[in-house]
Amino acid sequence: MAHGQVRVLLVDRVVGALAAAARVGRLAVRLATRTPMGPTDLYAALATAKFLAAHELIEQAAGAAEQTGDPEAEITDIRTPLWFGGITIHEETQR
């Protein structure tokens, strides 16, 4: 391949990548503008969902601790899975 062909091929790939990014951006704008919710509504929904998921996780852990049949079983820490950010919801400090 000649040097000029490599440049044209590189420019062609860059233009193709920019066109693909523009299509994705256009789709994102379309989806964002079709919802009746505003940005603050979406943030509030996300925060509420995170809180409710954490509460459900605590309830599940408490249920699992009760099912062991061991009266001395304690929950030392509860964490969300990595695909939800790996956030520590509850951690008991060791004394």
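Below is a summary of the structure that appears in this document. Just so it is clear, the structure is predicted and the values come from calculations on it, not from any experiment. (Residues numbered from 1 in each chain as written. Predicted model: local features only at pLDDT ≥ 70, side-chain atom pairs only at ≥ 80, totals over all residues. Heavy atoms only, no water.)

### Quick word on helix 2 (residues 39-67)
For helix 2, which comprises 29 residues, the first-to-last C-alpha distance of 42 Å matches the rise-based estimate of 42 Å (1.5 Å per residue) to within 8%. One or two steps after helix 2, the chain reaches Gly 69, where phi turns positive at roughly 80°. (Helix = DSSP H or I, 4+ residues; strand = E, 2+ residues; numbered from the N terminus. Expected span 1.5 Å × (residues − 1).)

### Considering a positive patch on the surface
On the surface, a cluster of positive charge is made up of Arg 23, Arg 26, Arg 30 and Arg 34. Note that Arg 26 resides in helix 1 (residues 3-34). (Patch = residues over 30% accessible without salt bridge, like charges linked within 9 Å, V, L, I, M, F, W, Y side chains within 5 Å. Areas by Shrake-Rupley, 256 points an atom, 1.4 Å probe, with all protein chains shown as cover. Salt bridge = Lys/Arg side-chain N within 4 Å of Asp/Glu carboxyl O. Lys, Arg positive; Asp, Glu negative; His and termini not counted. Charge placed at Lys NZ, Arg CZ, Asp CG, Glu CD.)

### Focus: a nonpolar patch on the surface
Together, Leu 10, Val 14 and Leu 18 make up an exposed nonpolar region whose accessible area comes to about 300 Å². Along the chain, Val 14 falls in helix 1.

### What about the environment of Met 37?
Note on placement: Met 37 falls in the loop between helix 1 and helix 2. Excluding residues within four positions of it along the chain, Met 37 makes contact with Leu 42 and Ala 45. (Contact = heavy atoms within 4.5 Å.)

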